[in-house]
Amino acid sequence: MSVPHLDPRLLRAFVTVAEELHFTRAAVRLYVAQQALSRDVRRLERELGAELFVRTTRQVALTADGERLLPYAHRVLAAQDELLAAFGQARPLLLDLNSPGLETGRRVLHRARELAPEHEIMARFESGLTGAAAELLAGRLDASFGRFAGLDPVLRARLEHQLVRYEPMAIALPEGHRLAALPEVPLAALAGETVYAGAGNPRTPEWTDLARRLFDGRGITVAPPAPLAVGTEEFERLMAKTGHPVLAVIGFPVLPRTVVRPLVEPVPLSPVSLVWRRGAAHPALDAVRRAAAQLAAGEGWLRRPEQGWIPAIDEPVNSVHD
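Here the structure is a predicted model, which means the values were calculated and not measured. (Residues numbered from 1 in each chain as written. Predicted model: local features only at pLDDT ≥ 70, side-chain atom pairs only at ≥ 80, totals over all residues. Heavy atoms only, no water.)

**Some details on the environment of D209**
Moving on, step 1. Mapped onto the fold, D209 is located in helix α8 (residues 205-215).
Moving on, step 2. Residue classification places D209 among the partly exposed positions, given a relative accessible area of 24%. (Helix = DSSP H or I, 4+ residues; strand = E, 2+ residues; numbered from the N terminus. Buried < 20%, exposed > 50% of the residue type's maximum accessible area, 1.4 Å probe, protein only.)

The structure is reproduced here in structure tokens:
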């Protein structure tokens, strides 16, 4: 009696379709033609003697056999990734840091490289978590950072996260601004101001939502959408042209002719999570998670100050992972 052999490629095709529940999106993730992907799934079904998906013109769903196979397939593919990594054949892990110069992601990256020098971990910059989420689900990124509660619930259901830091927020001011001389800026002092918080940027709506929740009832207006500035020089030029303060975080890169001041009374906090696709497997992802946990514990990143503020909507999302 011959022993059945399953090609891991077929299992990867199955897992990707199971995660996307859409053959076209799964094919894009795998960089294959949709017809080839469908052929691989049908071949796997023949070899297993089981129907794995229910396909209609409107949707794709897992059958009971598909649900039963999925955890086994994940374990097989994870073992294959570990084997390749052991022989130096793992692909680089792509870690999105949002923007150059932001402290939290950069420090996690550096620590992860120390913990796993045998792996290649490469930085990417996708500006915001909403923009990065699409890349995570498409398999073009492995992990990112940002405010998990600010994502659409449909996206959150397909992602996992680990809370890393309650990042104190700040305000970037033109050096001639009336508040620039203050060492700290009370939120009440911003009443009457129009503050830029990325409104209209499709990659960062979670940040704009955080600003709106913070400013609500305090007489602070979110600046209307502006042309998307790419690069420090363009951002500096646009800021000088509008004169608007910019909502930021502590450690925000200081631009020429600007100052960055902590916000107080209360101390607003930006909840930053490490985020990855549900079921994703990469031998370096564990190192990134360990690096984030070590820094969070060692630096007190998850301690909230007495006057700390986060949106009420973020509390239940983050409490599971605190």
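**Here's the deal with the pairing of strand β5 (residues 143-146)**
Moving on, step 1. Alternating positions in β5 separate into two faces, A143 and F145 on one and S144 and G146 on the other, with burial throughout.
Moving on, step 2. Note that β5 and strand β12 (residues 267-277) share four bridges and pair antiparallel. Bridge assignment links G146 to a residue of β12, and that residue is S273. (Pairing = 2+ DSSP bridges.)

**Digging into the packing of aromatic side chains**
Moving on, step 1. Across all of its chains, the model carries two aromatic pairs by this definition.
Moving on, step 2. For the ring pair F23 and F53, a centre distance of 6.0 Å and an interplane angle of 70° mean the geometry is edge-to-face. Of the two residues, F23 is situated in helix α2 (residues 23-30) and F53 in strand β1 (residues 53-55); the sequence distance between them amounts to 30 residues.
Moving on, step 3. Residue classification places F53 among the buried positions, given a relative accessible area of 0%.
Moving on, step 4. Put simply, the rings of F14, F23 and F53 touch in pairs and so form one group of aromatic residues.
Moving on, step 5. In this structure, R304 is placed above the aromatic ring of Y166, and the distance from its NZ or CZ to the ring centre is 5.1 Å. (Phe/Tyr/Trp six-rings, centres within 6.5 Å; stacked < 30°, edge-to-face > 60°. Lys NZ or Arg CZ within 6 Å of the ring centre and 35° of its normal.)

**So, the packing of helix α1 (residues 8-20) against helix α3 (residues 34-48)**
For any two helices packed against each other, one specifies the crossing angle of their axes together with the interaxial distance.
Moving on, step 1. At a closest axis distance of 9 Å, the pairing of α1 and α3 adopts a crossing angle of 110°. In terms of orientation, α1 lies roughly perpendicular with respect to α3. When you trace α1 past α3, the crossing you get is left-handed. Side by side, α1 and α3 meet where R9, L10, L11, A13, F14 and V17 of the first sit next to L37, D40, V41, R43, L44 and E47 of the second.
Moving on, step 2. Here the residues of the contact of α1 with α3 are counted per class, giving eight nonpolar, no polar and four charged. (Axes fitted to C-alpha atoms, helices over the stretch in contact; angles between N-to-C directions. Parallel < 35°, antiparallel > 145°, perpendicular 65-115°, else oblique. Left-handed = near helix turned anticlockwise from the far one by under 90°. Contact = heavy atoms within 4.5 Å. Nonpolar A, V, L, I, M, F, W, Y, C, P; charged D, E, K, R; others polar.)

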